[in-house]
Amino acid sequence: MKIICIGRNYTEHIAELANERPSEPVVFLKPDTAILLHKQPFFIPPFSDDVHHEVEVVVKINRIGKHIEEKFAHKYYDEIGLGIDFTARDLQQKLKEQGLPWEKAKSFDGAAVVSREFIPKADLGNLNDLSFELYKNDTLQQSGNTSHMLFNIDTIIAHVSQYFTLKIGDLIFTGTPAGVSRVQENDTLKGMLAGREMFHIKVK
Ligand code: ZN
């Protein structure tokens with residue numbers, strides 16, 4: 001399986017990193033080895049002093065598809081989860097300045113938290129109006145709503161499937177809202193989606 005991630009999908013997060021607003025989705029991948037194993041802490045990697053959490057709504061693909069039309073995109077997923085796109089911001093900044101790919105900053109081991117539970121979309125109602133939050137040490141740190149996405153889930157699926165065949169079990173991280181911050185040893189990170197706790201991890 002593969003993890004497809006969308007960057008710069010929430011206006012306020014674009015502003016906090018002083019990035020440009022994209023005219024089409026910004027796409028990058030993480031390998032399956034990036035998934036943080038269940039019940040394991042997140043270890044800050046030795047090559048970064050500035051790892052940020054990015055809480056994101058995650059879509060699980062349930063059908064194989066290529067060149068999916070936006071109006072049919074909803075047929076390619078049944079469940080929604082929550083994750084963290086951990087980012088070594090210092091390394092990403094250096095790579096960006098050099099015009100190089102971001103993978104080392106985004107795709108290292110443990111850099112993808114994926115909730116164990118996925119919620120059937122039938123239980124969530126309007127997917128373009130989903131609230132989600134990240135609490136750091138029990139303080140609200142990021143608060144998002146999918147209504148603020150520049151590109152919604154179906155648009156993202158239509159776009160990325162022009163480039164990559166989507167397979168069963170692939171995950172799509174849909175971008176982070178504002179409020180990203182550096183994690184430190186002993187932090188706890190709790191993710192909420194539509195009022196439900198989706199993950200609770202410790203930083204080491
Ligand atoms: Zn992200």
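Everything in this summary refers to the structure shown in the same document.

Considering the overall build of the chain
Then step 1. Helix and strand content of the chain: four helices and 14 strands.
Then step 2. For 204 residues, the compact-globule estimate of 2.2 N^0.38 gives 17 Å, and the C-alpha radius of gyration of the chain, at 16 Å, lies within 12% of that figure.
Then step 3. Split into buried and exposed, the 204 residues of the chain put 53% on the buried side.
Then step 4. Contacts in the chain between residues at least 24 apart in sequence constitute 76% of all its contacts with a sequence separation of at least 6.
Then step 5. Of the accessible surface of the chain, which amounts to about 9,700 Å², a share of 49% is contributed by carbon and sulfur atoms.
Then step 6. In the chain, which carries 24 positive and 28 negative side-chain charges, the distance between the mean positions of the two groups comes to 4 Å.

Some thoughts on empty space enclosed by the protein
Then step 1. This model, assessed by the stated rule, comprises one cavity of 30 Å³ or more.
Then step 2. Each pocket or cavity is described by its volume, and for the largest cavity that value is around 130 Å³.
Then step 3. What lines the largest cavity is a set of 17 residues, among which Gly7, Arg8, His13, Glu54 and Lys106 lie closest to the centre.
Then step 4. Contributions of two or more residues to the lining of the largest cavity are made by strand 1 (3-7) and helix 2 (89-97).
Then step 5. Per-element accounting of the lining of the largest cavity gives the leading share, three residues, to helix 2.
Then step 6. Its residues assigned to classes, the lining of the largest cavity shows four nonpolar, six polar and seven charged.

Notes on the sheet that holds strand 12 (residues 181-182)
Then step 1. Ordered in space as 6-3-12, the three strands form an open sheet in which the pairing is antiparallel. Bordering the open sheet on either side are strand 6 (87-88) and strand 12, each of which pairs with just one other strand.
Then step 2. Sheet analysis places strand 3 (residues 51-53) next to strand 12, joined by two bridges and oriented antiparallel. Across the sheet, the residue bridging to histidine 52 is arginine 182, located in strand 12.

Notes on the coordination of the zinc ion
Then step 1. For the zinc ion, every protein donor is listed as Glu54 (OE), Glu56 (OE) and Asp85 (OD), and the spread of their distances is 1.9 to 2.0 Å.
Then step 2. As a motif over one chain, the donors of the zinc ion read E-x1-E-x28-D. Here the residue glutamate 54 occupies a position in the loop between strand 3 and strand 4 (55-61), and aspartate 85 occupies one in strand 5 (residues 77-85), the gap between them amounting to 31 residues.
Then step 3. Its relative accessible area of 3% is what places glutamate 54 among the buried residues.
Then step 4. For aspartate 85, a relative accessible area of 0% gives the class buried.

What about the nonpolar core?
Then step 1. Phe42, Ile80, Phe86, Ile157, Ile172 and Leu193 are the most contacted members of the largest nonpolar core, which totals 46 residues.
Then step 2. When residues no more than four places from it in sequence are discounted, the contact partners of isoleucine 80 are Val57, Val58, Val59, Phe118, Ile119, Lys121, Leu124, Leu127, Leu130, Ile153, Leu193 and Met198.
Then step 3. Residues Val58, Trp102, Ala112 and Phe173 belong to the second largest nonpolar core, which totals eleven residues.

Here's the deal with the sheet that holds strand 13 (residues 188-193)
Then step 1. The strand order across the open sheet built from four strands is 10-9-13-14, with neighbouring strands paired in antiparallel fashion. In this open sheet, the two edge strands, each paired with only one partner strand, are strand 10 (139-145) and strand 14 (196-202). Between one strand axis and the next, the sheet turns by 15° as a mean value, whatever way the strands run.
Then step 2. The pairing of strand 9 (residues 131-136) with strand 13 spans five bridges and is antiparallel. The residue bridging glutamate 133 from the neighbouring strand is methionine 192, located in strand 13.

Notes on the layout of surface pockets
Then step 1. In this structure, the largest pocket occupies an estimated 300 Å³ of space.
Then step 2. Surrounding the largest pocket, 19 residues form its lining, His38, Lys39, Val114, Arg116 and Phe199 being those nearest its centre.
Then step 3. Looking at the lining of the largest pocket, the elements with two or more residues in it are strand 7 (112-114) and strand 14.
Then step 4. For the lining of the largest pocket, the element with the highest residue contribution is strand 14, accounting for six residues.
Then step 5. Class assignment of the residues belonging to the lining of the largest pocket gives a composition of ten nonpolar, four polar and five charged.

Thresholds, definitions, all that
Residues numbered from 1 in each chain as written. Predicted model: local features only at pLDDT ≥ 70, side-chain atom pairs only at ≥ 80, totals over all residues. Heavy atoms only, no water. Helix = DSSP H or I, 4+ residues; strand = E, 2+ residues; numbered from the N terminus. Rg over C-alpha atoms; globule rule 2.2 N^0.38 Å. Buried < 20%, exposed > 50% of the residue type's maximum accessible area, 1.4 Å probe, protein only. Contact = heavy atoms within 4.5 Å. Areas by Shrake-Rupley, 256 points an atom, 1.4 Å probe, with all protein chains shown as cover. Lys, Arg positive; Asp, Glu negative; His and termini not counted. Charge placed at Lys NZ, Arg CZ, Asp CG, Glu CD. 1 Å grid on protein atoms, 1.4 Å probe; cavity = no way out; pocket = protein on both sides within 12 Å on 5 of 7 lines; lining within 4 Å. Points joined across faces, edges and corners; volume = space filled by probe spheres on them. Nonpolar A, V, L, I, M, F, W, Y, C, P; charged D, E, K, R; others polar. Pairing = 2+ DSSP bridges. Donors = N, O, S within 2.8 Å, 3.2 Å for Na, K, Ca; no water. Core = buried A, V, L, I, M, F, W, Y, C linked by side-chain atoms within 4.5 Å. Axes fitted to C-alpha atoms, helices over the stretch in contact; angles between N-to-C directions.

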